[in-house]
Amino acid sequence: MANSLLPPEERNLTPEQVEALDKRRDLGHTLLVIAGQFTVLAAVLLLWVGQDLSYSPGWAHPMAYYFFLALILIAVFGIAGLALRRGTPRID
């Protein structure tokens with residue numbers, strides 16, 4: 001009998017399909033961890049962004065550029081990680 005707690009599309013998977021599903025979810029979890037690490041980095045960069053934007057002349061704002069790059073990477077890795085992690089998690 002199939003596990004009724006699983007979504008209908010995951011109830012009758014072959015062992016190879018289950019392994020591929022686990023690998024996809026593991027990759028999604030890894031991308032979410034990377035997004036979290038970039039979030040910590042962005043929080044630290046935020047401490048310097050205001051000063052960089054206030055005191056650096058012209059277009060020379062390296063901390064602001066690094067901060068915005070970190071925000072873009074957080075969004076990309078976070079969305080990709082969430083997309084790969086969708087579905088019911090496995091229970092270890």
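To be clear, the structure that these remarks concern was listed above.
The following refers to the structure shown.

This part covers the packing of aromatic side chains. This structure, assessed with the given rule, holds 2 aromatic pairs. When the ring of F38 is compared with that of F77, the centres are 6.1 Å apart and the planes differ by 20 degrees; the resulting orientation is stacked. Of this pair, F38 sits in helix 1 (residues 15-55) while F77 sits in helix 2 (residues 62-85), and the two are 39 residues apart along the sequence. The partly exposed category is assigned to F38, whose relative accessible area is 23%. Its relative accessible area of 23% is what places F77 among the partly exposed residues.

With respect to the helices, strands and loops of the structure, H61 is situated in the loop between helix 1 and helix 2. For H61, a relative accessible area of 10% corresponds to the buried category. Among the polar contacts listed, one links the side chain of H61 to the backbone oxygen of G58, at a separation of 2.8 Å. Other than its neighbours up to four places away in sequence, H61 contacts D52, L53 and S56.

Calculation notes
- Residues numbered from 1 in each chain as written.
- Predicted model: local features only at pLDDT ≥ 70, side-chain atom pairs only at ≥ 80, totals over all residues.
- Heavy atoms only, no water.
- Phe/Tyr/Trp six-rings, centres within 6.5 Å; stacked < 30°, edge-to-face > 60°.
- Helix = DSSP H or I, 4+ residues; strand = E, 2+ residues; numbered from the N terminus.
- Buried < 20%, exposed > 50% of the residue type's maximum accessible area, 1.4 Å probe, protein only.
- Polar contact = N/O pair within 3.5 Å; in protein donor to acceptor, adjacent residues only side chain to side chain.
- Contact = heavy atoms within 4.5 Å.

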